[in-house]
Amino acid sequence: MMRLNAFDMATPGHIQQGMWTHPRDNSRGYARLEHWMDLARLLERGLFDGLFLADVLGVYDVHGGSQDAALRGGVQVPLLDPLMTIPAMAAATTHLGFGVTCNTAYEPPYLFARRMSTLDHLTNGRIGWNIVTGYLDSAARALGYAEQMRHDDRYDLADEYMEAVYALWEGSWADDAVRRDAAGGIYTEPSRVRRILHQGKQHRIDAVHLVEPSPQRTPVLYQAGASERGRAFAGQHAECVFVNGSNPAVVAKLVAQLRAAAAPRRILVFVGATVVVGRTEAEARDLLADYAAHANAEATLAHASASLGIDFSRYGMDEPVTAGPGQAIQSNVAAMAKVAGPGWTKRKLLEQSVLGSRQPPIVGDPVQVADALQSWMQTADVDGFNLSRTVMPEGLEAFIELVIPVLQARGLYKTGYAPGTYREKLFGAGPRLPEDHAAARHRWG
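Residues numbered from 1 in each chain as written. Predicted model: local features only at pLDDT ≥ 70, side-chain atom pairs only at ≥ 80, totals over all residues. Heavy atoms only, no water.

S.K.: I tried to follow the overall build of the protein chain on my own but got confused; where do I start?
M.R.: Per the secondary structure count, the protein chain includes 15 helices and 14 strands. For the protein chain, whose C-alpha radius of gyration is 22 Å, the value lies close to the compact-globule estimate of 22 Å for 445 residues. Expressed along its principal axes, the backbone C-alpha trace of the protein chain runs to roughly 75 × 50 × 40 Å. In the protein chain, which comprises 445 residues, the share counted as buried stands at 57%. Long-range pairs, those at least 24 residues apart, make up 79% of the contacts in the protein chain with a sequence separation of at least 6. As displayed, the protein chain has an accessible area near 18,000 Å², and 53% of this comes from carbon and sulfur atoms. Each charge class in the protein chain was averaged separately, 43 positive and 48 negative side chains, and the resulting centres sit 3 Å apart. (Helix = DSSP H or I, 4+ residues; strand = E, 2+ residues; numbered from the N terminus. Rg over C-alpha atoms; globule rule 2.2 N^0.38 Å. Buried < 20%, exposed > 50% of the residue type's maximum accessible area, 1.4 Å probe, protein only. Contact = heavy atoms within 4.5 Å. Areas by Shrake-Rupley, 256 points an atom, 1.4 Å probe, with all protein chains shown as cover. Lys, Arg positive; Asp, Glu negative; His and termini not counted. Charge placed at Lys NZ, Arg CZ, Asp CG, Glu CD.)

S.K.: Can you walk me through the state of the cysteines in this structure?
M.R.: By the definition in use, this model includes zero disulfides. Free cysteine: Cys 102, not disulfide-bonded; nearest cysteine sulfur from Cys 240 at 16 Å. Judged by its relative accessible area of 0%, Cys 240 falls in the buried class. (Disulfide = S-S within 2.5 Å.)

S.K.: Even after reading the chapter, I still don't get the pairing of strand 8 (residues 204–207), so can you show me in this structure?
M.R.: Regular strands place side chains that alternate from one sheet face to the opposite one. By the alternation rule, side chains of strand 8 split into Ile 205 and Ala 207, which are all buried, and Arg 204 and Asp 206, of which none is buried. Where strand 7 (residues 196–199) meets strand 8, four bridges bridge the pair, whose relative direction is antiparallel. Across the sheet, Ile 196 pairs through a bridge with Ala 207, a residue of strand 8. Where strand 7 hands over to strand 8, the hairpin turn is made up of four residues, counted between the paired strands. (Pairing = 2+ DSSP bridges.)

S.K.: Honestly, the pairing of strand 10 (residues 240–243) in this entry has me stumped. Any pointers?
M.R.: Alternating residues of strand 10 divide into Cys 240 and Phe 242 and Val 241 and Val 243, and every residue in both groups is buried. In the sheet, strand 9 (residues 220–223) pairs with strand 10 via two bridges, with the strands oriented parallel. Each residue of the ladder has a partner; that of Tyr 222, found in strand 10, is Cys 240. The sheet contact formed by strand 10 and strand 11 (residues 268–273) spans four bridges and is parallel. Across the sheet, residue Val 241 finds its bridge partner in strand 11, namely Val 269.

S.K.: Help me understand the sheet that holds strand 10, please; the structure alone is not making it clear to me.
M.R.: Sheet strands pair by backbone hydrogen bonding; their relative direction is either parallel or antiparallel. As summarised here, the arrangement of the eight strands in space is 1-2-3-4-9-10-11-14, forming a closed barrel in which the pairing is parallel. For this sheet, the mean inter-axis angle between neighbouring strands, taken without regard to orientation, is 25°. Alignment of strand 4 (residues 127–132) against strand 9, held across four bridges, turns out to be parallel. Considered in strand 9, the bridge of Gly 128 is made with Val 220. (Axes fitted to C-alpha atoms, helices over the stretch in contact; angles between N-to-C directions.)

S.K.: Could you clarify how one ought to interpret the pattern of salt bridges in this entry?
M.R.: Tallied over the entire structure, the rule returns 31 salt bridges. In this structure, Arg 443 engages Glu 435 in a salt bridge whose closest nitrogen and oxygen atoms are separated by 2.7 Å. We classify Arg 443 as buried; its relative accessible area is 14%. Among the residues examined, Glu 435 registers a relative accessible area of 64% and is labelled exposed. (Salt bridge = Lys/Arg side-chain N within 4 Å of Asp/Glu carboxyl O.)

S.K.: It is not clear to me how the packing of aromatic side chains should be interpreted in this structure. Could you clarify?
M.R.: The way to describe two aromatic rings as a pair is by their centre distance and the angle between their planes. Inspection of every chain in the model, using the stated rule, returns 15 aromatic pairs. When the centroid spacing of 5.8 Å and the interplanar angle of 45° are considered together, the rings of Tyr 106 and Tyr 145 count as tilted. Here Tyr 106, found in the loop between strand 3 (97–103) and helix 4 (109–122), pairs with Tyr 145, found in the loop between helix 5 (137–142) and helix 6 (151–171); they are 39 residues apart in sequence, far enough to count as distant. Judged by its relative accessible area of 45%, Tyr 145 is partly exposed. Ring centres of Phe 112 and Tyr 161 lie 6.1 Å apart, and the angle between their planes is 55°; this geometry places the pair in the tilted category. Placement of the pair is Phe 112 in helix 4 and Tyr 161 in helix 6, with a sequence separation of 49 residues. There is no split in this pair, since Phe 112 and Tyr 161 are both buried. (Phe/Tyr/Trp six-rings, centres within 6.5 Å; stacked < 30°, edge-to-face > 60°.)

See the structure below:
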């Protein structure tokens, strides 16, 4: 079965830069609680597996050495804390999962573990964590550092971070620690709770996890790094991996590497996708032209400069772009070089960015879109898609109304939700991480 997440961010401009200026787009209402509750209800009506919420901790200030372009274009700024939106969305839904991006570099694992356990309780086991190590120097400066750590060092830190949170989630409280014995006056049996002693290079913990065991204990674990070091990290920790790419054959090689790194443990792979669908192909093409008229070139370059680690303001439109090793998203740089070819230019980047992002859209009638998604699954061996927003909410509404019935008729998409937690819905097994996962060795007993 095809898995589907909506890919969004608590900001006016997420991936498709400029779409917030479209007169029918509601992204400017991102700061209203009703905006997120309405979105969650819409996704649950479409039987989406989850809402995947991106996040960053700094501004995009690489382009021109300034944050001005990002501020003008609403490029992931202003930006709310995505964790704060989840309880309201969970209250508005019953089944929808929530995968939220949180950075391992700047928050103590003890505090983060409590926050995620709290959300797992409040959502009744529907929380997931997209593990990121960061890529913005502006975030490092905001948190008191001169610059961020080197790329691979950030993953080393993340490995230690995972050991710390696994110990808290999986090993501090026994399954039978909580008795709730009102007659005997015992809520928790003290002998069934233990302190976690973690003495690592970056973190020290001597504490009991403050939260009693939640439905999943450890949230569903997403990861999005596709560099060599990122793939090794995913093989150790991730249950679901988010990848990007415009060529299914190229993505297939990456997927094979990811599955090999995790073997024999099963992982699910989601690929990023942008869809513009109409009742006819002509209608879809008209919609694409309508949307594309609102794409913002300056905002596109501001976003690309930060994620690629390249200041495009230094290049003329037809001057070949060169990029050496950097601390940004290395897989993005490699992917851009493969798509645009050697000696690619700023003009090629903007020509590719039809809707204000480097992700080429899938455009067509419902059958054509379903064919394209099915072909991606078969050719690239992916399990599903993270659908990025175009014009909201009409882009998602059209997908739910037009494409999902075609997928269901082909037996590719569910007609109802399975019971249980987010993990149970995704994997059809229990609510806890499997015994062959790295976290299992931290379990009580």
